[in-house]
Amino acid sequence: MKSFHFLALLSLALAFSFASAFDPSPLQDFCVAIPEPKNAVFVNGKFCKNPNLTVAEDFFFPGLNVPGNTGNRVGSNVTLVNVDKLFGLNTLGISLARLDFAPNGGLNPPHTHPRATEILVVVEGTLYVGFVTSNPNRLFTKVLYPGDVFVFPIGLIHFQFNIAKTNAVAFAGLSSQNPGVITIANAIFGPNPPINPDVLAKAFQLDNDEVVKLQKLFANA
């Protein structure tokens, strides 16, 4: 009976350890990323620079004081500082972004970050922001002013929209060195190769002609 209890507890412990598995904590102070060596293989990250060759510039990125170009059809620009731009972020589980919005409707369209929670702080302007939960879908929204903070849970569809007549600027922290982004409209109507229009017509209750028109629009995005 005692051996049975021991085995049951051991099985439970092993099951819990597998169920709760996540990215391990770094085992060194830092792991500055370097380009992948030729013909090498890596898992979930980058190769590390020799710590003895690391310099301060490996942890430095200039330019987030410079406004991004919002002269596009959605009127916004995201300047992302992830591990591909700041090699010192490797293994640290964090990145940063500057978001610029044009007046009167600059939009960061509905999108998700598959690998990160986002926390946003407004430094200039007025933003209407929100996210949608998984099924059953519930919408959470808030109007943000300078100094206000809002969080978007990992993987959920969210957006930011400038409702003022002036520019808006926000900064966002993301809980991954490479959060990824899936912009919903682009992913649905603009992938290569395109999704069969019959699928989208039925899914969105649209005519095929409307779907084809949208696919042409987003294919050139």
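Residues numbered from 1 in each chain as written. Predicted model: local features only at pLDDT ≥ 70, side-chain atom pairs only at ≥ 80, totals over all residues. Heavy atoms only, no water.

### Some remarks on the packing of aromatic side chains
Right, so step 1: This structure, assessed with the given rule, holds 7 aromatic pairs.
Right, so step 2: Relative to phenylalanine 140, the ring of phenylalanine 131 lies with its centre 5.1 Å away and its plane at 20°, an arrangement referred to as stacked.
Right, so step 3: Through a chain of ring-to-ring contacts, three or more aromatic side chains come together here, namely Phe131, Phe140, Phe150 and Phe152.
Right, so step 4: One cation-aromatic arrangement involves arginine 73 over phenylalanine 218; the distance from NZ or CZ to the ring centre is 5.0 Å. (Phe/Tyr/Trp six-rings, centres within 6.5 Å; stacked < 30°, edge-to-face > 60°. Lys NZ or Arg CZ within 6 Å of the ring centre and 35° of its normal.)

### Overview of the sheet that holds strand β7 (residues 127-132)
Right, so step 1: The 5 strands lie next to each other as β8-β7-β10-β5-β12, forming an open sheet whose pairing is antiparallel. Two strands in the sheet have a free side with no partner beyond their single neighbour: β8 (139-144) and β12 (182-183).
Right, so step 2: Across 3 bridges, the pairing between strand β5 (residues 107-112) and strand β10 (residues 157-162) is antiparallel. Bridge pairing in β10 links leucine 107 to phenylalanine 161. (Pairing = 2+ DSSP bridges. Helix = DSSP H or I, 4+ residues; strand = E, 2+ residues; numbered from the N terminus.)

### Considering the side chain of histidine 113
Right, so step 1: Here histidine 113 lies in the loop between β5 and β6 (118-124).
Right, so step 2: Sequence-distant contacts of histidine 113, that is, excluding residues within four places in its chain, are made with Glu118, Ile154, Gly155, His158, Leu174, Pro179, Gly180 and Val181. (Contact = heavy atoms within 4.5 Å.)

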